[in-house]
Amino acid sequence: MAKTYTNTFPLTMTSSEKQETICIFGTGDFGRSLGYKMLQCGYSVVFGSRNPQMSSLLPSGAEVLSYSEAAQKSDVVILTIHREHYGFLTELTEVLKEKVLVDVSNNLKINQYPESNAEYLAQLVPGAHVVKAFNTISAWALQSGAMDASRQVFVCGNDGKAKQRVVDIVRTLGLTPLDQGSLLAANEIENYPLQLFPMWRLPFYLSAALGLFFFSYCVLRDVIYPYINEKQDSTFRLAISIPNRVFPITALILLALVYFPGVIAAILQLYRGTKYRRFPAWLDHWMLCRKQLGLVALGFAFLHVIYTLVIPIRYYVRWRLRNITIAQIVDKKENPFSASSAWLSDSYVSLGILGFFLFVLLGITSLPSVSNTVNWREFRFVQSKLGYLTLILCTAHTLVYGGKRFLSPSSLRWGLPSAYVLALIIPCTVLVIKFILIMPCIDKTLTRIRQGWERNYKYSKSALNGRSDI
Amino acid sequence: MAKTYTNTFPLTMTSSEKQETICIFGTGDFGRSLGYKMLQCGYSVVFGSRNPQMSSLLPSGAEVLSYSEAAQKSDVVILTIHREHYGFLTELTEVLKEKVLVDVSNNLKINQYPESNAEYLAQLVPGAHVVKAFNTISAWALQSGAMDASRQVFVCGNDGKAKQRVVDIVRTLGLTPLDQGSLLAANEIENYPLQLFPMWRLPFYLSAALGLFFFSYCVLRDVIYPYINEKQDSTFRLAISIPNRVFPITALILLALVYFPGVIAAILQLYRGTKYRRFPAWLDHWMLCRKQLGLVALGFAFLHVIYTLVIPIRYYVRWRLRNITIAQIVDKKENPFSASSAWLSDSYVSLGILGFFLFVLLGITSLPSVSNTVNWREFRFVQSKLGYLTLILCTAHTLVYGGKRFLSPSSLRWGLPSAYVLALIIPCTVLVIKFILIMPCIDKTLTRIRQGWERNYKYSKSALNGRSDI
Amino acid sequence: MAKTYTNTFPLTMTSSEKQETICIFGTGDFGRSLGYKMLQCGYSVVFGSRNPQMSSLLPSGAEVLSYSEAAQKSDVVILTIHREHYGFLTELTEVLKEKVLVDVSNNLKINQYPESNAEYLAQLVPGAHVVKAFNTISAWALQSGAMDASRQVFVCGNDGKAKQRVVDIVRTLGLTPLDQGSLLAANEIENYPLQLFPMWRLPFYLSAALGLFFFSYCVLRDVIYPYINEKQDSTFRLAISIPNRVFPITALILLALVYFPGVIAAILQLYRGTKYRRFPAWLDHWMLCRKQLGLVALGFAFLHVIYTLVIPIRYYVRWRLRNITIAQIVDKKENPFSASSAWLSDSYVSLGILGFFLFVLLGITSLPSVSNTVNWREFRFVQSKLGYLTLILCTAHTLVYGGKRFLSPSSLRWGLPSAYVLALIIPCTVLVIKFILIMPCIDKTLTRIRQGWERNYKYSKSALNGRSDI
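Every value quoted in this text rests on a predicted model; they were computed, and no experiment measured them. (Residues numbered from 1 in each chain as written. Chains lettered and ligands numbered in written order. Predicted model: local features only at pLDDT ≥ 70, side-chain atom pairs only at ≥ 80, totals over all residues. Heavy atoms only, no water.)

Peer 1: Go over the sheet that holds strand β7 (residues 152–157) of chain B, please, and point to the residues and values.
Peer 2: All names here are of chain B. With mixed pairing, eight strands are arranged side by side in an open sheet as β3-β2-β1-β4-β5-β6-β7-β8. The two strands at the open ends of the sheet, each matched to only one other strand, are β3 (63–66) and β8 (176–179). Each strand of the sheet is rotated relative to its neighbour by a mean of 30 degrees, with strand direction disregarded. Sheet analysis places β7 next to β8, joined by four bridges and oriented parallel. Counted as the bridge partner of V153 is P177 from β8. Packing against the sheet, helix α4 (residues 117–124) makes contact with β4 (76–79), β5 (100–103) and β6 (129–132), and its axis sits at approximately 170 degrees to β6. Across the sheet, helix α6 (residues 160–172) lies against β1 (21–25), β4, β5, β6, β7 and β8, angled at about 170 degrees from β7, the strand it touches most. (Pairing = 2+ DSSP bridges. Helix = DSSP H or I, 4+ residues; strand = E, 2+ residues; numbered from the N terminus. Axes fitted to C-alpha atoms, helices over the stretch in contact; angles between N-to-C directions. Contact = heavy atoms within 4.5 Å.)

Peer 1: Residue-level account of the state of the cysteines, with values.
Peer 2: Residue and element names in this part refer to chain A. Tallied over the full model, the rule gives zero disulfides over all chains. C394 carries a free sulfur, and the closest cysteine sulfur to it, the one in C428, is 12 Å from it. Among the residues examined, C394 registers a relative accessible area of 14% and is labelled buried. (Disulfide = S-S within 2.5 Å. Buried < 20%, exposed > 50% of the residue type's maximum accessible area, 1.4 Å probe, protein only.)

Peer 1: Describe in detail the interface of chain B and chain A, supporting the description with residues and values.
Peer 2: Interface size is commonly expressed as the accessible area that is lost once the parts come together. Facing 80 residues of chain B, the contacting portion of chain A comprises 75 residues. Between chain B and chain A, a total of about 7,000 Å² is buried, with carbon and sulfur atoms accounting for 62% of that surface. Where chain B meets chain A, there are one salt bridge. Linking chain B to chain A there are twelve residue pairs in polar contact (both at pLDDT 80 or more). (Buried area = accessible area lost by both parts, 1.4 Å probe. Salt bridge = Lys/Arg side-chain N within 4 Å of Asp/Glu carboxyl O. Polar contact = N/O pair within 3.5 Å; in protein donor to acceptor, adjacent residues only side chain to side chain.)

Peer 1: Describe the relation of the copies chain B and chain A, listing the residues and the values that go with them.
Peer 2: After a rotation of 120 degrees and a shift along the axis of 0.0 Å, chain B superposes on chain A with an RMSD of 0.1 Å. Those values place the two copies in the arrangement expected of a three-fold rotation axis. Taking C-alpha positions as reference, the residue of chain B nearest the rotation axis is S369 of chain B, located at 3.2 Å. When the interface residues of chain B are mapped onto chain A, a mere 9% of them again fall at the interface, so the copies present different faces. (Least-squares fit on C-alpha atoms with pLDDT ≥ 70 in both.)

Peer 1: Pulling in residues and values, what's your account of the packing of aromatic side chains?
Peer 2: Within a pair of aromatic rings, the relevant descriptors are the distance that separates the centres and the angle that separates the planes. This model, assessed by the stated rule, comprises 72 aromatic pairs over all chains. Each ring, one from F204 of chain B and one from Y205 of chain B, has its centre 5.8 Å from the other, and the planes form 65 degrees; the classification is edge-to-face. A single burial state applies to F204 of chain B and to Y205 of chain B, both of which are exposed. Ring plane angle 80 degrees and centroid distance 5.1 Å describe the contact between Y401 of chain C and Y420 of chain C, whose orientation is recorded as edge-to-face. In this pair, Y401 of chain C sits in helix α15 (residues 376–402) while Y420 of chain C sits in helix α16 (residues 419–423), placing the two residues 19 residues apart along the sequence. Taking the relative accessible area as the measure of exposure, Y401 of chain C reaches 29% and is therefore partly exposed. Through a chain of ring-to-ring contacts, the aromatic side chains of F236, Y315, Y316 and W319 of chain A together with F337 of chain C assemble into a single cluster. (Phe/Tyr/Trp six-rings, centres within 6.5 Å; stacked < 30°, edge-to-face > 60°.)

Peer 1: Account for the interface of chain A and chain C, naming residues and giving values.
Peer 2: The partner chain C presents 75 residues to the 79 residues of chain A that form the contact. Across the interface of chain A and chain C, roughly 7,000 Å² is buried in total on both sides, 62% from carbon and sulfur atoms. One can count one salt bridge joining chain A with chain C. Taking the shortest distance from any N to any O, the salt bridge between D346 of chain C and R314 of chain A comes out at 2.7 Å. Run the count over chain A and chain C and you get twelve residue pairs in polar contact (both at pLDDT 80 or more).

Peer 1: I'd like to hear about the pairing of strand β6 (residues 129–132) of chain A, residue by residue, with values.
Peer 2: Residues and elements named next belong to chain A. Of the two faces of β6, the one carrying H129 and V131 and the one carrying V130 and K132 are both buried. Examined bridge by bridge, strand β5 (residues 100–103) and β6 share four bridges and lie parallel to one another. Looking at β6, one finds that L101 is bridged to V130. The parallel pair β5 and β6, bridged by helix α4 (residues 117–124), forms a crossover whose chirality is right-handed. Two elements, β6 and strand β7 (residues 152–157), share two bridges in a ladder whose sense is antiparallel. Paired with K132 across the two strands is C156, which belongs to β7. (Right-handed = clockwise from strand over helix to strand, strands pointing away.)

Peer 1: Can you tell me about the sheet that holds strand β3 (residues 63–66) of chain C, naming the residues and giving the values?
Peer 2: All names here are of chain C. With respect to topology, eight strands assemble into an open sheet ordered β3-β2-β1-β4-β5-β6-β7-β8, the strand pairing being mixed. Each of the sheet's edge strands pairs with one partner strand only, and the pair in question is β3 and β8 (176–179). Across the sheet, the mean angle from the axis of one strand to that of its neighbour is 30 degrees, orientation sign disregarded. Contacts between helix α1 (residues 29–40) and the sheet are confined to β1 (21–25), β2 (44–49) and β4 (76–79), with β2 contributing the most and set at about 160 degrees to the helix. Helix α4 (residues 117–124) contacts β4, β5 (100–103) and β6 (129–132) of the sheet and is inclined by roughly 170 degrees relative to β6.

Peer 1: Lay out the packing of helix α8 (residues 201–230) of chain A against helix α9 (residues 243–272) of chain A with the relevant residues and their values.
Peer 2: In helix packing, the relevant descriptors are the interaxial angle and the interaxial distance, both defined with respect to the helix axes. Residue and element names in this part refer to chain A. Between α8 and α9, the least distance of the axes is 9 Å, while the angle of their chain directions is 140 degrees. With respect to α9, the axis of α8 lies oblique. When you trace α8 past α9, the crossing you get is right-handed. Contacts between α8 and α9 involve L206, S207, L210, G211, F214, F215, C218 and D222 on the former and, on the latter, R245, V246, I249, T250, I253, L254 and L257. Its residues assigned to classes, the contact of α8 with α9 shows ten nonpolar, three polar and two charged. (Parallel < 35°, antiparallel > 145°, perpendicular 65-115°, else oblique. Left-handed = near helix turned anticlockwise from the far one by under 90°. Nonpolar A, V, L, I, M, F, W, Y, C, P; charged D, E, K, R; others polar.)

Peer 1: Which residues make up the pattern of salt bridges, and what are the values?
Peer 2: Taken as a whole and assessed by the stated rule, the structure comprises 28 salt bridges over all chains. Between R245 of chain B and D222 of chain B there is a salt bridge, with its nearest N and O atoms 2.8 Å apart. In this pair, R245 of chain B sits in helix α9 (residues 243–272) while D222 of chain B sits in helix α8 (residues 201–230), placing the two residues 23 residues apart along the sequence. Residue class for R245 of chain B comes out partly exposed when judged on its relative accessible area of 31%. Overall, the relative accessible area of 7% leaves D222 of chain B in the buried class. Salt bridges sharing partners connect three or more residues here, namely E20, D75 and R165 of chain A.

Peer 1: Quick one: what's the story with the side chain of Q292 of chain C, residue by residue and with numbers?
Peer 2: Relative to the helices and strands, Q292 of chain C is located in helix α11 (residues 290–309). In this view, Q292 of chain C contacts M199, W200 and P203 of chain C; residues no more than four positions away in its chain are not counted.

Shown next as structure tokens:
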């Protein structure tokens, strides 16, 4: 994936005298790629190296000097060296004094060291203004220009001017700087590239647990039960029939879990009579995961839709339909049209389709580029109003699916109800609580609390003062 | 949803002397959240309050002073106070002279006051440089960092330097500033967060009207007619069969309406012989709604696809197919294979699928992040060429669906043709006009007009001069 | 599509003295639109024109002067004139000395002139600092604010300060500047708006070739063969049956071709023992097209899914199923349930659905706005791990589809195997090679090479030095 450095790319002409010079310590893969990109964007680049005369593969146009010579040429020094080798910098404290020292390093594990690399660096070279940056960008992305992954560069540092210098460089390289505050944020920034979907972990484990439970439950009812009672081999149901029960159930429960924390929070606020007390940590985390929960639910709903649509193509279904027709002819049974069956079947399907349609809409509006173009009121309208409508439609879809069989004793096997009956518990709970919460008397109190009113608040002038502000 | 303020987040160290100080008037929810975020991003924050000694809940690290003391500490004053309380500022005109005064306020209704809050503020404090900003950002988003809704901050103001100061602050906070020009734009900026999908209103009402009309039409033909003439209960058709007629019809008409204003504009330009005259307002608005019209049409097309794919699962369809088979056996009818029926059925389905596929492609390219990566020529290729191909395929799909029955008198009920026949009127009109417009002789004139040529133009030197420029 | 200029839009007040003045040479469509936008964003605008007293249609608030008078009013001159008319600038070299001269021009053809317009301009006016910018923005987009196509403005120039001036202007207009380096990049920037999906060309031609080949192959086996051998008219298969063979085959092969260059690159690196040698140009190009190849494959997979789901609606399928039922009744054949057939049919469908689901996930994560929010590790996890899983599932889907018939001589027609057998060659090759490459011994060597180790490297101090850096 690496390219050797060539001169075919446009490097800056030397016509202008005002070029800024940037110093890069270290001539590894990342240092060279960064230097190359900087030359391309009009900077002069000086590499600092232990053995300047032996460094190879450096981009043409860049100078290579010893560390201290190189540092003297620029007031910005970018350190592309592993943390373990920072030791030599202690000898350069004089040269690096008042310079902007940029730490780009990453670790191999999350929280590998007690303090972040950037803070460690700030302790080593106390005179320099340490700024953390560039650690989310890969050497390959810099070289090839294929910035598919991310253009975001998190920047943090204690000195505002130093940080601004780095932010300007980041922007000139065509990347997107994101100011993260002081150097205390360096730890989080260093952990970021090591993370693997942290916000997706809870939704993932939750859906895996739900999926496994309902899969076992359905296997028990639909495969083991008929095998024991009727010696019937239904193992082929493992491929489509049972997944197509597990997927919609998981989707519905996860969708309800998206709206559950909201009603819990409302109850807490009503109970406490104020919005100015922190929620418990689990509720906070749950609320921040809602988008991911919803998207996982959408994935399961999508699978449910396709698994349902292939039903008529399946060998088993065709065989069964053929047998029904044949049996009817052989037995010369009447086959009267039941309008109520048609109504039940059609409305159950229709509710499901409409629910899925709204669900897809919700998914599309949660795409970053789409949600960026709507204002706050529109976003809340979609995610709250349309979201609840989706939940109502999907719950109704499941209820009507049950239809006449719902809770009928004949559908119990070993005393176990059908899986979809269990699936309805959480959605119905959420909808009932929400229904209570939007009743005028309760809704009014809640709205006042959310606007800053507090039940047990001692009315002081300052309080009134605060309330009149935005 | 609110968090209490804690010290666990990295606030800027006090090591650097060069920190900028920002003054915030008002200690309400938004003021505190903004101050908190500013401290995090390395600013010093001074709150101005009526009762500085009684203000509570303020982020740690921020000072609280009286209004005039606070204002003296910074040359940027952010006003997080409701418009009704602006009165006290008249006493501070001396202190606020030459300062950047940022108005973040919103109203409760669109055009609530004769002039925008920011313009009102500029009248109250004539010596200050008023800049409008931050009104699209919510306190909750600032605190939680969950910028799902929008990072866009519209900025406007009469003084260029003051505006630039605010733009820099916005960028440092990790938000996206969008310069909207002078303070005259404040009105629009203040209305923005109150809007609920303004560009979607026309498409929404249009599709609702079309949908309702065709729903009633189909109920008349497919439910009421058979009930009156054959005493047959077809109400179950309301759930799937009739929606699945209404959806494709609405989708096709809306898609045609996306391309209709373009051909009207072309005719107008041909008739007027110039492109330098404004279109009527309704045509302008229609043209600006085209993307939304197309996306609503795509929604209906999506529903049509799923409603069609579930057909074989429906109770009614299975019952009917079984009865056909049984009748054939009982009557010992021959059932010869009709190649022409197979052709008609397959090609109608195939055209529909291809049309839907292109439609989805159009939808994907209209996502903001996708359309941002294509150049102007590519965008026009997709939206114009592929768009017309989609319209052609969908119109052909509907025509072939009619097949042999098309306009046959036997399909008339009470003299009313099938609904799909009506649906074809607008699409066919658009396609015919477009076909005429792309005929070489007309296309040549139109291209010249669009390049700036004018039929009745008095050829002066200046005209020729203008024409040679880009 | 053009609007006449009106005064209804907020133009900057004249209250502030510090307004920057920008000079625009040329009063054509683009010049006027740019001037209009600049006035809106708070700049003063002076137009330079050959006949200042005769220029019409200019935005109100702008001054019009002769070229040399206008140039003296500002240190930024934007040239909105066609390259052919640049001649007159040679007379203005004195006035333009040390000024920022912005070239916005485009050509009609790619590489129309030996050197780019901007470089030509730099030769004509050697004293000015030429910057290339704004060529990707259309006049219509500037006027209407409908920036649907693109907000990206590529900027390049040899003088850093001049470039920064232009970058600031671009940002103030609400557009996104992208620094492209020195003026050598102007050629590429000028070609950009003329390109029509350059990265999609290879995937498009490849899929067209594959599609055509397999279409002909299937026509031979499924239409011509039965016609010659059994005089049977199967032409109706051209509409759905044959496309639904061609689409999945093309999709599978294209998906395999996404992962093919990766394994070739790995083999090359293993063979060469280093990553520091450039890949052949065709491999480089292939690797850069992978995303597009994958998305085209996803398009074909999507078509395959819908073509498959409509199967039960087709006239031919209903006719055939009816005939099977009737034949069974007439012949009084037994119709025993085959659990193995049910297993084969269900697991083949299930594998396909899961493969398609992952494929859609891959497609969504390749949307620019989504891939921008994941870090490098997450992006690689999705595109590599999930990608291979998708390939494995889709290959297994095809293998199980073959099932018992796979390679059975009875399915040969004129010695030709079924098309899906041919489709498996490339995917299986890729998977087998990948399987070998991830065996521990080979994987270890490959990982070392990718971390910078070289087999034939003379270990010098400088080499070790380089290796310890990032």
